[in-house]
Amino acid sequence: MIGIARLLDKAVIFLLLSVLIFSTDDLFAPVIIFLTGISFSLACQAIDKKNIKTILFCIYMVLVIIKSDFVLMFPIVFYELSGSKNKILIILGALTGVIACVNFELDKVIIILSALVLSVVLQVKSQKYINLQQKLIDIRDEGTELNYILESKNRDLIDGQSYEIHLATLKERNRISREIHDNVGHLLTRSILQLGAMLAVIKNENDKIMLEGVKNTLDSAMTSIRESVHNLHDESIDLVNAINECINPIKEKYEINSIIDIDKNTEAKIKICMIMIVKEAVSNILKHSNCTKVEILLQEHPGFYKLLIHDNGTDIRENNFSGMGIVGMNERVERLNGIIRISNDNGFKIFVTIPKQKG
């Protein structure tokens, strides 16, 4: 768009000069002057390097000095020169054009000088247009960036609200499960014990049959409540939040790189196992390790779960492999048919894999 605007400006200047260029009876001189001027002008427009542009301007000014007829296309070349920030070169170009006009008649001089002035005016106009267009592009880009930032903040806000709602839901489920366990569960347990005592002392068979029916009903209710409490408790375990709480004590002391990529609906026994291993590993790091970096990677694969805890400590003792915490880790993993590997290769490393249960 800018290039077309400049070509139109040059076309206006050329129309003003065409009367002079093609007013001679010589067939070749106007063509040579026209082609030379257009070539230099287009070359200056197409080339971005200032040094090459300056050389082209200087060459054309030399041509004007050597052959004054080349001044007839000089306003078109001067159009590109007037857009330069080199004020000395602009002044030299203007003086070259004025000096070359000495060999022409007054009416031609007026047209040439008018064309020079017009080239400056059109260049200033084009430059303002370019500046306005660039400003428009900057405003559009800034608006796009602001919109992107706003959308990103909105997404973060929505995610934060969703997380808070999810966390509140989990806390409420945990509260309900505790209340059911502490209140209703205890009442049912006491009622079942009382019925058991009554059955032990009652001799009437009909009464025993009735009481046994009530006791069976209460046993079924107790079983149902236990399952409900268990399910509510399982769902209330937020694995990501729990692991983040485990690693909070070491965040300020060590450089932490943690990646947790696991389904939130993973079985509670898997979640609890992973949380307890991370908790024990963090405790060992605080007590025994002289590391500076800790990596925690928990991932879910199609057939198994993987947990890697690796620190870059160098002060590794043999008793780190046989402490009660390590024994507890082994027992938890073995109960889930998993495998745990502990090594001191390039630091202290705990690697756990637990297979998924089929079905």
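Up top is the structure.
Peer 1: Would you mind showing me how to read the overall build of the protein chain here?
Peer 2: Looking only at helices and strands, the protein chain features 10 helices and five strands. The buried share of the protein chain, reckoned over its 359 residues, is 33%. Of all intrachain contacts in the protein chain linking residues separated by at least 6 positions in sequence, the fraction that spans at least 24 positions is 69%. Per element, the accessible surface of the protein chain, about 22400 Å² overall, is 60% carbon and sulfur.

Peer 1: How should the nonpolar core be read in this particular structure?
Peer 2: A general tendency of soluble globular proteins is for nonpolar side chains to be buried together. Membership of the largest hydrophobic core comes to 33 residues, with the highest contact counts inside it found for M274, I277, V278, L307, I309, I350 and V352. When contributions to this core are tallied by element, the ones reaching two or more residues are α8 (239–251), α9 (268–288), β2 (293–300), β3 (304–311), α10 (324–335) and β5 (348–355). Top contributing element to this core by residue count: α9, with nine residues. In this view, I350 contacts A281, L307, L308, I309, M329, I340, R341 and I342; residues no more than four positions away in its chain are not counted. Counting residues in hydrophobic clusters, the runner-up holds 30 residues, among them V71, F74, I76 and I112.

Peer 1: What exactly am I supposed to notice about the sheet that holds β5 here?
Peer 2: Neighbouring strands of a sheet are bound in pairs by backbone hydrogen bonds; such pairs are parallel or else antiparallel. Taken together, the five strands give an open sheet; going across it, the order is β1-β2-β3-β5-β4, and neighbouring strands pair in mixed fashion. With one partner strand each, in any of the chains shown, β1 (255–261) and β4 (339–343) form the two edges of the open sheet. Direction aside, the axes of adjacent strands within the sheet are offset by 5° on average. Bridge count between β2 and β3: seven bridges; the pairing is antiparallel. Bridge pairing in β3 links E295 to H310. Helix-sheet contacts for α8 involve β1 and β2, and the interaxial angle to β1 is about 175°. Running at roughly 10° to β3, α9 makes contact with β2, β3 and β5 of the sheet.

Peer 1: Where do I start with the side chain of N284 in this structure?
Peer 2: By the element assignment, N284 lies in helix α9. N284 gets classed as buried once you look at its relative accessible area, which sits at 16%. With residues up to four places along the chain from it excluded, the contact list for N284 reads S289, I326 and M329.

Peer 1: Is there a simple way to think about the pattern of salt bridges in this case?
Peer 2: Any two side chains of opposite charge can pair if their charged atoms end up close together. Taken as a whole and judged by the stated rule, the model has two salt bridges. We note a salt bridge from D141 to R140, for which the minimum N-O separation is 4.0 Å. You can call D141 partly exposed: its relative accessible area is 40%. The class for R140 is exposed, based on a relative accessible area of 54%. Put simply, K356 and E300 hold a salt bridge, and the shortest N to O gap is 2.6 Å. Linking K356 in the segment after β5 with E300 in strand β2, this pair joins segments that are 56 residues apart in sequence. Overall, the relative accessible area of 27% leaves K356 in the partly exposed class. Judged by its relative accessible area of 28%, E300 falls in the partly exposed class.

Peer 1: When you look at α10 in this model, what are you seeing that I'm missing?
Peer 2: For an α-helix the count is 3.6 residues per turn, leaving residues at separations of three or four pointing the same way. Across its 12 residues, α10 extends 17 Å between first and last C-alpha, which sits within 8% of the 16 Å expected from 1.5 Å per residue. All of the buried residues in α10 are G325, I326, M329 and V333. Projection of α10 onto a plane perpendicular to its axis shows the buried side chains occupying an angular sector of 100°, all on one side. For α10, the exposed residues set more than 90 degrees away from the buried face come down to M324, E334 and R335. Remark: N337 follows α10 within two positions and exhibits a positive phi of approximately 60°.

Peer 1: Would you explain the pairing of β4 in this entry?
Peer 2: Across a regular strand the side chains alternate sides, sitting on one face of the sheet and then on the other. Pairing of β4 with β5 involves five bridges; the strand directions are antiparallel. Of the residues in β5, the one forming a bridge with S343 is K349. Counting the residues between successive antiparallel strands, the hairpin from β4 to β5 contains four residues, one of them, N346, with a positive phi of roughly 55°.

Peer 1: Please explain the packing of helix α3 (residues 50–66) against helix α4 (residues 74–81) as it appears in this structure.
Peer 2: Between α3 and α4, the shortest axis-to-axis distance is 11 Å and the interhelical angle comes to 155°. For the element pair α3 / α4, the angle class is roughly antiparallel. The two elements α3 and α4 cross, and the hand of that crossing is left-handed. Here F57, Y60, M61 and V64 of α3 lie close against α4, whose contacting residues are F74, V77, E80 and L81. When its residues are assigned to classes, the contact of α3 with α4 shows seven nonpolar, no polar and one charged.

Peer 1: Help me out: how do you make sense of the packing of aromatic side chains in this one?
Peer 2: What describes a pair of aromatic rings is the distance from one ring centre to the other and the angle between the planes of the rings. By the definition in use, this model includes zero aromatic pairs. Positioned above the aromatic ring of Y305, the side-chain terminus of K356 is 5.4 Å from the ring centre.

Criteria and thresholds
- Residues numbered from 1 in each chain as written.
- Predicted model: local features only at pLDDT ≥ 70, side-chain atom pairs only at ≥ 80, totals over all residues.
- Heavy atoms only, no water.
- Helix = DSSP H or I, 4+ residues; strand = E, 2+ residues; numbered from the N terminus.
- Buried < 20%, exposed > 50% of the residue type's maximum accessible area, 1.4 Å probe, protein only.
- Contact = heavy atoms within 4.5 Å.
- Areas by Shrake-Rupley, 256 points an atom, 1.4 Å probe, with all protein chains shown as cover.
- Core = buried A, V, L, I, M, F, W, Y, C linked by side-chain atoms within 4.5 Å.
- Pairing = 2+ DSSP bridges.
- Axes fitted to C-alpha atoms, helices over the stretch in contact; angles between N-to-C directions.
- Salt bridge = Lys/Arg side-chain N within 4 Å of Asp/Glu carboxyl O.
- Expected span 1.5 Å × (residues − 1).
- Arc of directions from axis to C-beta.
- Parallel < 35°, antiparallel > 145°, perpendicular 65-115°, else oblique.
- Left-handed = near helix turned anticlockwise from the far one by under 90°.
- Nonpolar A, V, L, I, M, F, W, Y, C, P; charged D, E, K, R; others polar.
- Phe/Tyr/Trp six-rings, centres within 6.5 Å; stacked < 30°, edge-to-face > 60°.
- Lys NZ or Arg CZ within 6 Å of the ring centre and 35° of its normal.

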